[in-house]
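Summary of structural features
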Amino acid sequence: MAARTKTTKDRPSYRCTECGWQTAKWLGRCSECQAWGTVEEYGAPAVRTTSPGRVTTSAVPIGQVDGRTATARSTGVPELDRVLGGGLVPGAVVLVAGEPGVGKSTLLLDVAAKSASEEHRTLYVTGEESASQVRLRADRIKAIDDHLYLAAETDLATILGHLDAVKPSLLILDSVQTVASPEIDGAPGGMAQVREVAGALIRASKERGMSTLLVGHVTKDGAIAGPRLLEHLVDVVLSFEGDRHARLRLVRGVKNRYGTTDEVGCFELHDEGITGLADPSGLFLTRRAEPVPGTCLTVTLEGRRPLVAEVQALTVDSQIPSPRRTTSGLETSRVSMMLAVLEQRGKISALGKRDIYSATVGGVKLTEPAADLAIALALASAASDTPLPKNLVAIGEVGLAGEVRRVTGVQRRLSEAHRLGFTHALVPSDPGKIPAGMKVIEVADIGDALRVLPRSRKREAPRDAEDRR
């Protein structure tokens, strides 16, 4: 008997579970998203054609579309509204991701209580905790409201049933990785389950005009867990950051269809809950009567928000052949680069054979190059055991040639420093408009900057910006 010819329908096909790319043969690495081990075999779908369907809503000119239905509503938390672009838009789906214990559930429970009202009910669905556990947290942070409804569910169909019963204006799901659909094979948290659950909730949000906040897990690398498709489907992606040993928490916008991603929300996590910080600079400063060697202040930009932060450095004689280089809140590579610049361009040779410790205050992380000058001055101050002048801030990027380069937002940084009472600043050349009453010293290289330290050898003091004019 002749063998049956293998048709196109019988031939196996392969698809990437991460991005959906298809191929006729198996590959170890997806050629589209470059992910390893995600190409799996599945039956080739039959060729179908889609016939035109009946139009339910006619297309209208864009000028006749009512934009008032997409007006944002405040969450009751001003710092979160700042990141969202004014509040939650009806029908918007927001993904909030962060490490375990950073405070996601605490913040969203506070949002659930403050946004609940008689006209706008809130449904909080927890899949990780019991209802009694959430009630205990609500009592602790005073998040009790008669229009806040709570359910502990992990079944997608049951959650959709709760939506029909409660008819909320805001749905909070903690978390999307704990919910599963009975129609999809696989354990909760798998790619297929996360895709199905998110898709069903997004459809429900758009149809009902209901805002939805989804809590998402992160991997050990800090990326959002699950398929990357999840980030493309939702309207807003927020990253919740913070050191669990510090009080500061930052909420950054990674994606926002309704506003900018330049804003950053600052929060303080404490025993009574989490509160927004309209002026968080005080967390990053140590107020002293007299200046201390090895400390220097700078102004960093978190999004578009200027924050005054303190850099501290300590140098001690090393007891081992290879001196220690320890950093906290600073990039080790940038600290090492500043050490090399100080030794070669600043002629400070006392740093090479000493243990050096550098850190920031309050748990803030300084990653932008504008903090280079403050790091260099803190290290030089610690090496010479000489304090910098009081009420001084340093702003500027330092290059390998020792030059001090311009950075963005100098005027905003100076205005914030002046508002907090700082009277002197070291900045690169041409800083722009200077706040009244503030003395700004322009420095061209690291040598000019080091002259603010009292030295035994005489050097010509750098001219300030007013004298140069």
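Please refer to the structure higher up on the page.
1. Thoughts on the nonpolar core
- In terms of nonpolar packing, the biggest core is built from 47 residues, with Leu342, Leu373, Leu377, Leu379 and Leu426 touching the most fellow members.
- Looking at this core, the elements that each hand over two or more residues are β10 (248-256), β11 (264-270), β14 (305-317), α7 (332-344), α8 (372-384), β17 (392-394) and α10 (446-450).
- Sort the elements by how many residues they give to this core and α8 lands first, with 10 residues.
- In terms of nonpolar packing, the next biggest core, distinct from the first, is built from 31 residues, Leu108, Val111, Ala113 and Leu238 among them.

2. Considering the sheet that holds strand β8 (residues 211-216)
- Here we have 9 strands laid out as an open sheet, ordered β6-β5-β7-β8-β4-β9-β10-β11-β12, and mixed in their pairing. Only two strands of the sheet have a single partner each, and these edge strands are β6 (148-152) and β12 (273-276). Neighbouring strand axes in the sheet, compared pairwise and without regard to direction, differ in orientation by 20° on average.
- Pairing of strand β5 (residues 122-126) with β6, which is carried by 5 bridges, proceeds in the parallel orientation. Opposite Val125, over in β6, you have Ala151 as the bridge partner.
- Against the sheet, helix α3 (residues 131-141) engages β5, β6, β11 and β12, with an angle of about 145° to β6.
- Here helix α4 (residues 156-166) sits on the sheet in contact with β5, β6 and β7 (170-174), set at roughly 160° to β5.

3. Describing the side chain of Glu79
- Mapping Glu79 onto the fold places it in helix α1 (residues 78-84).
- For Glu79, a relative accessible area of 5% translates into the label buried.
- If sequence neighbours within four positions are ignored, Glu79 has contacts with Val264, Gly265, Cys266, Phe267, Gly276, Leu277, Ala278 and Arg305.

Scoring rules and cut-offs
Residues numbered from 1 in each chain as written. Predicted model: local features only at pLDDT ≥ 70, side-chain atom pairs only at ≥ 80, totals over all residues. Heavy atoms only, no water. Core = buried A, V, L, I, M, F, W, Y, C linked by side-chain atoms within 4.5 Å. Buried < 20%, exposed > 50% of the residue type's maximum accessible area, 1.4 Å probe, protein only. Helix = DSSP H or I, 4+ residues; strand = E, 2+ residues; numbered from the N terminus. Pairing = 2+ DSSP bridges. Axes fitted to C-alpha atoms, helices over the stretch in contact; angles between N-to-C directions. Contact = heavy atoms within 4.5 Å.

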